[in-house]
Amino acid sequence: MTIETTLKNLILQSFSSLYHEVLKPEDIKLELTNKDHIGDFTFVVFPFLRISKQKPEETATNIGNVVKSNCSDIASFNVIKGFLNFELSTGYWLNFLKQNIANGDFGKVTDGAGKKVMVEYSSPNTNKPLHLGHVRNNLLGFSVSQILKFAGYEVVKANLINDRGIHICKSMLAWQLYGNGETPESSGMKGDHLAGKYYVLFDQYYREEIKNLIDTGLTEEDAKKEAPLIKKAQEMLLKWEAGDTETIALWKTMNGWVYAGFEKTYNRMGVSFDNYYYESNTYLLGKDCVNEGLQKGVFVKDPDGSVWIDLTADGLDRKIVLRADGTSVYITQDIGTAQLKYDETKMDKSVYVVGNEQDYHFKVLKLILQKLGKPYSDGVYHLSYGMVDLPSGKMKSREGTVVDADELMEDMHATAKQITEELGKTEGFLESQLEVLYETIAMGALKYFLLKVDPVKRMLFNPEESIDFHGNTGPFIQYTHARICSILRNITTTPVVTTEANLHPAEQELLNTISLFPSKISDAAEEYNPALIANYMFETAKAFNRLYHDVSILGELDEQLKQNRLAICTITANTLKQGMNLLGIVVPERM
RNA sequence: GGUCCGGUAGCUCAGUUGGAUAGAGCAACAGAUUUCUAAUCUGUGGGUCGGGGGUUCGAAUCCCUUCCGGAUCACCA
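What this report covers is the structure whose coordinates are included nearby. Every value quoted in this text rests on a predicted model; they were computed, and no experiment measured them.

Points about a nonpolar patch on the surface
Then comes step 1: Residues Phe46, Ile80 and Phe83 make up a contiguous nonpolar surface patch of about 240 Å² in total accessible area.
Then comes step 2: Here phenylalanine 46 shows up in the loop between strand S2 (41-44) and helix H2 (49-52).

Describing the protein's contact with RNA strand B
Then comes step 1: In the neighbourhood of RNA strand B, 62 residues make up the surrounding shell, with Lys394, Lys425, Arg458, Tyr479 and Ser486 lying closest.
Then comes step 2: Each atom of RNA strand B within 4 Å of the protein belongs either to a base or to sugar and phosphate, the latter forming 61%.
Then comes step 3: Between RNA strand B and the protein, one listed contact pairs a phosphate oxygen with a side-chain N or O atom of lysine 457 at 2.8 Å.
Then comes step 4: Within the side chain of histidine 470, an N or O atom sits 2.9 Å from a phosphate oxygen of RNA strand B.
Then comes step 5: Elements with a minimum of two residues in the surface near RNA strand B: S2, strand S4 (83-88), helix H15 (359-371), strand S14 (459-460), helix H18 (474-488) and helix H21 (530-550).
Then comes step 6: Looking at the surface near RNA strand B element by element, the count peaks at 7 residues for H21.
Then comes step 7: For the surface near RNA strand B, a count of residues per class yields 28 nonpolar, 15 polar and 19 charged.

Some points on the packing of aromatic side chains
Then comes step 1: Counting across every chain of the model gives 29 aromatic pairs.
Then comes step 2: For the ring pair phenylalanine 96 and phenylalanine 106, a centre distance of 5.8 Å and an interplane angle of 70° mean the geometry is edge-to-face. Note that phenylalanine 96 is positioned in helix H4 (residues 90-100) and phenylalanine 106 in the loop between H4 and strand S5 (116-120), a separation of 10 residues in sequence.
Then comes step 3: The exposure class of phenylalanine 96 is buried, given its relative accessible area of 11%.
Then comes step 4: Taken together, the ring pairs in this structure connect Tyr92, Trp93, Phe96, Phe106, Phe150, Phe517 and Tyr536 into an aromatic cluster.
Then comes step 5: Lysine 346 extends its terminal NZ or CZ atom over the ring of tyrosine 342, reaching a point 5.0 Å from the ring centre.

A closer look at the packing of helix H5 (residues 132-150) against helix H20 (residues 517-527)
Then comes step 1: Between H5 and H20, the shortest axis-to-axis distance is 9 Å and the interhelical angle comes to 125°. Classified by the angle between their axes, H5 and H20 sit oblique to one another. The chirality of how H5 crosses H20 is left-handed. For the pair formed by H5 and H20, the contact residues are Ile147, Leu148 and Phe150 on the first element and Phe517, Ile521, Ala524 and Ala525 on the second.
Then comes step 2: Residues belonging to the contact of H5 with H20 are distributed by class as follows: 7 nonpolar, no polar and no charged.

What to know about the side chain of histidine 134
Then comes step 1: Mapped onto the secondary structure, histidine 134 falls in helix H5.
Then comes step 2: Non-local contacts of histidine 134, meaning those with residues more than four positions away in its chain, are made with Ser122 and Pro129.

A short note on the sheet that holds strand S11 (residues 349-355)
Then comes step 1: Across the sheet, 5 strands lie side by side as S7-S6-S5-S11-S12; this open sheet has parallel pairing. For this open sheet the edge positions go to strand S7 (275-278) and strand S12 (380-385), each flanked by a neighbour on one side alone. On average, adjacent strands in this sheet sit at an angle of 25° to one another, irrespective of strand direction.
Then comes step 2: Strand direction decides the pairing type here: S5 and S11, joined by 4 bridges, are parallel. Bridging across to S11, valine 117 finds its partner in lysine 349.
Then comes step 3: This element, H15, spans S11 and S12 of the sheet and lies at about 175° to S12.

About the cut-offs
Residues numbered from 1 in each chain as written. Chains lettered and ligands numbered in written order. Predicted model: local features only at pLDDT ≥ 70, side-chain atom pairs only at ≥ 80, totals over all residues. Heavy atoms only, no water. Patch = residues over 30% accessible without salt bridge, like charges linked within 9 Å, V, L, I, M, F, W, Y side chains within 5 Å. Areas by Shrake-Rupley, 256 points an atom, 1.4 Å probe, with all protein chains shown as cover. Salt bridge = Lys/Arg side-chain N within 4 Å of Asp/Glu carboxyl O. Helix = DSSP H or I, 4+ residues; strand = E, 2+ residues; numbered from the N terminus. Near = heavy atom within 4 Å. Polar contact = N/O pair within 3.5 Å; in protein donor to acceptor, adjacent residues only side chain to side chain. Nonpolar A, V, L, I, M, F, W, Y, C, P; charged D, E, K, R; others polar. Phe/Tyr/Trp six-rings, centres within 6.5 Å; stacked < 30°, edge-to-face > 60°. Buried < 20%, exposed > 50% of the residue type's maximum accessible area, 1.4 Å probe, protein only. Lys NZ or Arg CZ within 6 Å of the ring centre and 35° of its normal. Axes fitted to C-alpha atoms, helices over the stretch in contact; angles between N-to-C directions. Parallel < 35°, antiparallel > 145°, perpendicular 65-115°, else oblique. Left-handed = near helix turned anticlockwise from the far one by under 90°. Contact = heavy atoms within 4.5 Å. Pairing = 2+ DSSP bridges.

In structure tokens, the structure reads:
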């Protein structure tokens, strides 16, 4: 039983003995004591004055007395107005330390035991390389997967690749027309960048054609439809759908280049997948579900043969789910893919990491699945995240303001190298070790920067200023870990904790922070929010740095105190390492 | 126009789901180590929690209203 439930039970007990009132456990709320006051847990008595029929101070004092006399872990309590603050004993904290020092799994919870969750993220198009927006997506998806695993879930990471459609044909066509047989090998370009180059080229020539057509008197709308290039691209899509050998061969070749490129980017980012789904396989799915919906009366067929769902009663609109010619639309595919996922994995929950511009779409998807009575529908969760803006505004590929993922990582690496060298921290490292270190720091800075912000928020990325190495940053936490490691390198055995000893206030505060780790995991898993972990890591690192500054660890003369302090170092290092791992960030032992 | 999301210090963000005097980092300024890594620590200044109502012992948090920014309401994906 945790100390929190013990306290709650005792508070319940005191209500019944003092005021003859039987309350339920969920009526009792325990909070962490505000930093400005003495104590660890606070019980607010204001809501219970009607029961006690006493003044707030009186009520709190009476309850405090009952609880304290029945719990040896409480050192003292104090009452300020209606706030009853309990202070835990030093012995309690040292016991906590003793029990968890050798526990490598400290922080793990069992919230998701026996449950399976699928996390779909990344989901790129194969016509251009990944950019900053994808980076946020990938890091969120990977981190959420890590967190859910740590919270006891069985996790399947999925990537649904958008590998077909008119946009893919655009790069293919442009390559055919202007490529002169260029390949990643011949050009030395990464495959995804090569495909992207031709996608951009298509757009250039296409816009030129539109302009010329407008000059001959066409409206812009007509010009966009009549331009020879777009017509050719549409022809190509038809050929692809008909299975034309030549087109399919080109498609396979170019997609192959792109996948090889993506793989490198994913590897460098440290993200990975268990299942891959390809739209070229799934874009025809969902029609069975449409029929099922028609039979159940969830969908209706219009006179022209198109199939619809009326969601006006749910505050949404009437949505098409199948065209009159029987072909699929976006939502049809997603219904089908959801079913496919369930057939394959029987997941309880299904998380989609997709930008917030699709909030509406996923609301519709979930609603449809619920109306179809799908067992997995309640577990559908859209992890919606805000756009990453630049100081100049939105990222726009046409204006060339897109921040490319590969370039970004390369720049970060260079910055990490420069700063490390400036600080003169390169001594004692081999050249090869330094390259690894720069990469670790660079990725730590980038990942932490993107993950520490609540996903729902839009965020600003300023290439010049944003990524810092001081304060609330990845490198700060990495540095803290490295500092601890340099202390722990001096010992060879696990420190022995003595529970009869004193604790320095900074030690107590750090232990207090560390003890919150499991509940932070539960919160982050429940809310699918890595930012909670990131900010918690910062709190932990700060608490350690304060301790590090205030007391000597290796220089402590009292052997028992020294052992306890080393134990605190051990559990802190472990917590930082585990927590950062949940963000996909590696913490170095030296830096 | 309807719907959804956001608005907290000069900047970037927290705020434990209604609690105590609203917190961090950056930037600015002032300090700290003959010591286990100064990518550290301590302090100072900086606030109409977008505005206005309401609910109650108590509101950044809940309700109403209004302003600003963004998204979305495609037989595109």
